[in-house]
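Survey of secondary and tertiary structure
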Amino acid sequence: MEQQSRKTVQRVRHELRMREVSVASIAPVGEHFASITFQGEALADFVSLSFDDHVKFMFDDGAGNQVRRDYTPRRFNAQSRELTIEFALHGDGAASDWARHAQPGDRAIIGGPRGSMIIPPDVDWHLLAGDSTALPAMRRRLEELPAQVRATVVVLAGEGDRLPFTSAAQVDVHWVDSEDACSNACAHARCQRAKASPGVQAKRPPCAACAPCWPKKRASPRKRCASRPTGSRASPITTRTSSKRCSRRSAPLSPCGRAAPGASACAPRPSGSGARRLRLPAPASARPAACDARPPPPS
Ligand SMILES: Cc1cc2nc3c(=O)[nH]c(=O)nc-3n(C[C@H](O)[C@H](O)[C@H](O)COP(=O)(O)OP(=O)(O)OC[C@H]3O[C@@H](n4cnc5c(N)ncnc54)[C@H](O)[C@@H]3O)c2cc1C
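The notes below deal with the structure included here. (Residues numbered from 1 in each chain as written. Predicted model: local features only at pLDDT ≥ 70, side-chain atom pairs only at ≥ 80, totals over all residues.)

What to know about the site of the ligand
Taken together, the neighbourhood of the ligand is formed by 20 residues, with Thr-72, Ala-88, Gly-91, Gly-93 and Ser-96 sitting nearest. Every element with two or more residues in the shell around the ligand is listed here: strand S5 (66-71), strand S7 (82-88) and helix H2 (94-100). Per-element accounting of the shell around the ligand gives the leading share, four residues, to S7. Considering only residue class, the shell around the ligand consists of eight nonpolar, seven polar and five charged. (Near = placed C-beta within 6 Å. Helix = DSSP H or I, 4+ residues; strand = E, 2+ residues; numbered from the N terminus. Nonpolar A, V, L, I, M, F, W, Y, C, P; charged D, E, K, R; others polar.)

Topic: the nonpolar core
Counting residues in each nonpolar core, the largest one holds 24 residues, and the members touching the most others are Met-138, Ala-151, Val-154, Val-155 and Cys-186. For this core, the secondary-structure elements that each account for two or more residues are strand S10 (125-131), helix H3 (135-144), strand S11 (150-156) and helix H4 (179-196). Ranked by the residues each element gives to this core, the list is headed by S11, at five residues. The next biggest cluster of nonpolar side chains, apart from the first, holds 19 residues, and it includes Val-21, Ile-85, Ala-99 and Ala-108. (Core = buried A, V, L, I, M, F, W, Y, C linked by C-beta atoms within 7 Å. Buried ≥ 20, exposed ≤ 12 C-beta atoms within 10 Å, placed from the backbone.)

Some words on H3
Count 3.6 residues to each turn of an α-helix, and residues three or four apart come out pointing the same way. H3 sits mainly inside the fold: eight of its ten residues count as buried. The complete set of buried residues in H3 reads Leu-135, Pro-136, Ala-137, Met-138, Arg-139, Arg-140, Arg-141 and Leu-142. Buried residues along H3 sit against S7, S10, S11 and strand S12 (170-176). (Contact = placed C-beta atoms within 7 Å.)

Quick look at the sheet that holds S12
Read across the sheet, three strands follow the order S10-S11-S12 without closing on themselves; strand pairing throughout is parallel. The sheet is open, and its two edges are formed by S10 and S12, each paired on a single side. Here the average twist between neighbouring strands, direction ignored, is 10°. With seven bridges joining them, S10 and S11 adopt parallel strand pairing. (Pairing = 2+ DSSP bridges. Axes fitted to C-alpha atoms, helices over the stretch in contact; angles between N-to-C directions.)

So, the environment of Ser-116
Note that Ser-116 resides in strand S9 (residues 115-118). Note on Ser-116: 19 C-beta atoms within 10 Å, which makes it partly exposed. Spatially, the C-alpha atom of Ser-116 lies 5.9 Å from that of Leu-49, the residues being 67 residues apart in sequence. If near-sequence neighbours (up to four positions away) are discounted, Ser-116 is found in contact with Val-12, Ser-48, Leu-49, Ser-50 and Asp-53.

Honestly, it's all geometry; don't read function into it.
Here is the structure:
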C-alpha cells in the first residue's frame, strides 16, 4: 500500500511570485549551451520540487520590450540564493541572444514556478525523450534517480551537446539526428522494455525493427469473441497477468501527464491493478467461427 502511494504522481501549486535577480556567473556547457547562475535575495523562498518545473524568464530586449520565455530551473541553492538555468544558444532567438551576451550583473525577472508535478523517482523505468532544450530537465532528472531504476534517454542534439549524463541509475542513452530517428528510438525502447519484462505487453504495434521477430500477439478473448451472443458461458480461460504493465503505454507521458519539454516518463501501473482476469468463452455451438481460434501458447 505504501509502495503504491509512493508511486503516485503528485501535483503541487505554488503562489506565483516575480523575483528580480542578477547574473552571478556564466559557464559554457557543451558547444551550444550557457549555464547562467542568477542570484538575488528575492530567491530566498524560491522552490522547485520537480525536474519538470519551469519558470518564466523575463528580460528587456534592449528596445524597451519585455520578452518572456520558459526555462527549467536546473539547480537551486537555497543557502546562497542561487538559481542556475542552462540556456540553449540556438538560432537568433531573443532569449538565446540575451544568454549569449549575458554579463555578470545583468538583471532579469524570474516568474514562478507556478506548480510542480512530482513523479516519484523510483518507478522502474523512465523514458526521457526530447530535443536539446530538454537536456537541462533530463540532466536534472537523471541526477535525482536512485541506483535501482532504469532510464532510457533519447535526445535529438548536435555532436557538440552530447555530453555524458551523471546518474546513479542504469541509463541507456541514444543520441539521434532527426525527429524520425527520435520517434523510432522511443518506439524501439518501448518494445525492448515489453520484451524484457515478463507480464508486460505492449499495446501499440511493435516498431519496424522489432516487427519481424515480434511474438504473435495473443488474441484477446474480448476481441475474438466480440460478436459472441451475450450471456453465453463455458469453462474459463486465463488471460496474461499484467501487474507491471504501463497503464498508458501508448501515451508518451504516461501515466504522469506532462513531463519535461518533449521529455516523457513511463511508470508501471500500481501492483494489484492488473491481476489475472478470467474470461468465459462461449460454448462451441454459440461461437462464431473466428472464436474457435485458440490463442498461441506462451512464447
Ligand atoms: C517547459 C519548458 C521548459 C524549457 N526549458 C528550457 C531550458 O531549460 N533551456 C532551454 O534552452 N530551453 C528551454 N525551453 C525552450 C525555450 O523556452 C525555447 O527554446 C525558447 O523559445 C527560446 O527562446 P528564444 O527567444 O531564444 O527563441 P524564439 O524567439 O522562441 O525562437 C526564435 C528562433 O530560435 C530558434 N529556436 C527556438 N527554439 C528552438 C529549438 N528548440 N531548437 C532549435 N532552434 C530553436 C529558431 O531558429 C527560432 O526561429 C523550455 C521550454 C519549455 C516549454
